[in-house]
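In case you want the letters, here they are:
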Amino acid sequence: MEKIVVVGGGAAGVAAAEALRQEGYAGPLTMLCGEPELPYDRPPLSKQVLTGAWDADRTRLREAEHYADLGIRLVHGRADALDTGGRTVRLADGYTLPYDGLIIATGVRPRRLPAGHDLDGVHVLRGHPDVAELRAAFETSRRIVIVGAGFLGMEVAAAARGRGLDVIVVDPLAQPMIRQVGPLVGAAVARLHREHGVDLRTDVGVRELRGTRGRVADVVLTDGQVLAADCVLVAIGAVPATGWLATSGLALGDGVECDEYCRAAPGVYAAGDVASWVNPRYQRRMRVEHRMNATEQGAAAARNLLRGDTEPFAPLPYFWTDQYNVKIQVHGYLPDGCTAAIEEGSVDDGKFVALYRADGVLTAVLGWNAPARVPGYRKLLLG
Ligand SMILES: Cc1cc2nc3c(=O)[nH]c(=O)nc-3n(C[C@H](O)[C@H](O)[C@H](O)COP(=O)(O)OP(=O)(O)OC[C@H]3O[C@@H](n4cnc5c(N)ncnc54)[C@H](O)[C@@H]3O)c2cc1C
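In what follows, the accompanying structure is described.

So, how was this worked out
- Residues numbered from 1 in each chain as written.
- Predicted model: local features only at pLDDT ≥ 70, side-chain atom pairs only at ≥ 80, totals over all residues.
- Heavy atoms only, no water.
- Near = heavy atom within 4 Å.
- Polar contact = N/O pair within 3.5 Å; in protein donor to acceptor, adjacent residues only side chain to side chain.
- Areas by Shrake-Rupley, 256 points an atom, 1.4 Å probe, with all protein chains shown as cover.
- Helix = DSSP H or I, 4+ residues; strand = E, 2+ residues; numbered from the N terminus.
- Nonpolar A, V, L, I, M, F, W, Y, C, P; charged D, E, K, R; others polar.
- Axes fitted to C-alpha atoms, helices over the stretch in contact; angles between N-to-C directions.
- Parallel < 35°, antiparallel > 145°, perpendicular 65-115°, else oblique.
- Left-handed = near helix turned anticlockwise from the far one by under 90°.
- Contact = heavy atoms within 4.5 Å.
- Expected span 1.5 Å × (residues − 1).
- Buried < 20%, exposed > 50% of the residue type's maximum accessible area, 1.4 Å probe, protein only.
- Core = buried A, V, L, I, M, F, W, Y, C linked by side-chain atoms within 4.5 Å.
- Salt bridge = Lys/Arg side-chain N within 4 Å of Asp/Glu carboxyl O.

Let us now look at the site of the ligand. Not every one of the 32 residues close to the ligand is listed here, only the nearest: E35, R42, K47, R126 and D273. In this structure, A12 approaches the ligand through a main-chain N or O atom, which is 2.9 Å from an oxygen atom. Within the backbone of H290, an N or O atom sits 3.2 Å from an oxygen atom of the ligand. Look at the ligand: alone it shows 990 Å² of surface, and the protein chains cover 96% of it. Elements supplying a minimum of two residues to the shell around the ligand: α1 (11-22), α5 (151-162), α7 (291-307) and β24 (318-323). It is α5 that contributes the most residues to the shell around the ligand, three residues altogether. Taken together, the residues of the shell around the ligand sort by class into 13 nonpolar, ten polar and nine charged.

The following block contains the structure:
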């Protein structure tokens, strides 16, 4: 392998580049970073950075010297096209990077609302500029409407309540975070937020955002209600950042489609939020938008690129979220139709462990303020 290029300077890209060096690859290594700054971590953006507890600088994954020491050349620019036959990545400025091995780690971009998204005062939260704008909006707003009650929307709701804003959260599903934690724990999340004064509107969607003189003023719901808003956060999920791969010939479904080795084509691997791969643990295709997966998959893709597909990537998924004084941790996978039951503690105690089963088989464990209890169950899940 003479030249390796990593496209995307997020957690997955950094893990891939570091693993290449750890595995003994000593050749030219370029990491193409789509943002103008050094790679940084995203989970603190909706938590410590948004609440003001941390400066954004503190999220930097590594300092510049680290990349220099490892001989990782950082190029700031955006990939525009991939030619898998000629083995080149073309940048938006026309520059071309040749490669023998390529790792795609371009992450996702926030999904947008079809009507009214471009009005002033409408925010998404993915990167440093977004969190700076949202923090500034917190300073000047009395009321925020959050569209989408996934973990990102609920973390921002908690941060906004902490800053004294009136918060309304709107979601068409029956409970917040229902896709990530199911209805039983979703109801506990709803209760937590209502106890903190969030006005949570479930089972209703958003039809459009309406503005006055170019600035958002109203959120129109699908049942006809109109909510006044000083600012709006749209947190309705994300789509894989694969636009630059449109002419590459790679299979692009829900992300870059890879096999169980994270391989998309000869010499081409993908990792992190952008990668859809067949997880041998579950015998099914997955795409996981969680921080731990980005690190593990970046490293696994790098090893398979160097060693030649020796390591099927079969993780037990893991994610966490922090809201108010609650830490929720989920290990495993919630297949359709799985059921949850509280195994230890209770919602009233503010501390519990829930187990998820499908056809009687344990598939996931969730800890609610129970970090010391979940590792034992994780071992059971690993078998
Ligand atoms: C606000 C927020 C809070 C989160 N909180 C949690 C949490 O509590 N727990 C948890 O488990 N997960 C959390 N996540 C998810 C976690 O951060 C992601 O799973 C992880 O960052 C994915 O890393 P990645 O490297 O795959 O993608 P990213 O971190 O998105 O990195 C991809 C990089 O590629 C760049 N890029 C895109 N297109 C191009 C291109 N054409 N050319 C060059 N570069 C390009 C992007 O600009 C970006 O820098 C959170 C995410 C966000 C946004």
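Read on, since the account is not over.
Okay, the packing of α5 against helix α6 (residues 178-195) next. Between α5 and α6, whose axes approach to 12 Å, the crossing angle comes to 15°. Classed by the angle they form, the pair α5 and α6 counts as roughly parallel. At the point where α5 passes α6, the crossing takes the left-handed sense. Of α6, the residues touching α5 (which contributes F151, M154, A157 and A158) are Q180, V189 and H193. When the residues that make up the contact of α5 with α6 are grouped by side-chain class, the tally is five nonpolar, two polar and no charged.

With twelve residues, α1 should reach 16 Å at 1.5 Å per residue; the first-to-last C-alpha distance of 16 Å fits that figure. The element α1 is extensively covered by neighbouring structure, given that eleven of its twelve residues are classed as buried. Contact partners of the buried residues in α1: β1 (4-7), β2 (29-33), α3 (64-70), β3 (72-76), β7 (101-104) and α7. Directly beyond the C-terminal end of α1, a positive phi value near 100° is found at G24.

With that out of the way, let us pick up unusual backbone geometry. Located in the positive-phi region is R87, a residue other than glycine, with phi close to 55°. What makes R87 partly exposed here is its relative accessible area of 28%. Of note in this structure, D309 is not a glycine but carries a positive phi near 50°.

Membership of the largest hydrophobic core comes to 54 residues, with the highest contact counts inside it found for L20, L82, V89, L102 and I104. When residues in this core are grouped by element, the largest group, seven residues, is from α1. In this structure, L82 is in contact with T88, V89, Y99, L102, I104, W244, L245, T247, S248 and L250, ignoring residues within four places of it in sequence. V185, A188, C231 and F319 belong to the second largest nonpolar core, which has 45 residues in total.

Attention now moves to the pattern of salt bridges. Tallied over the entire structure, the rule returns 21 salt bridges. A salt bridge links D309 to R263; the nearest nitrogen and oxygen atoms lie 3.5 Å apart. One end of the pair, D309, is in the loop between α7 and β24; the other, R263, is in strand β20 (residues 263-265), and 46 residues separate them in sequence. E311 is the salt-bridge partner of R303, the closest N and O atoms lying 2.6 Å from each other. Among the charged side chains, a salt-bridge network with shared partners connects D57, R60 and E63.

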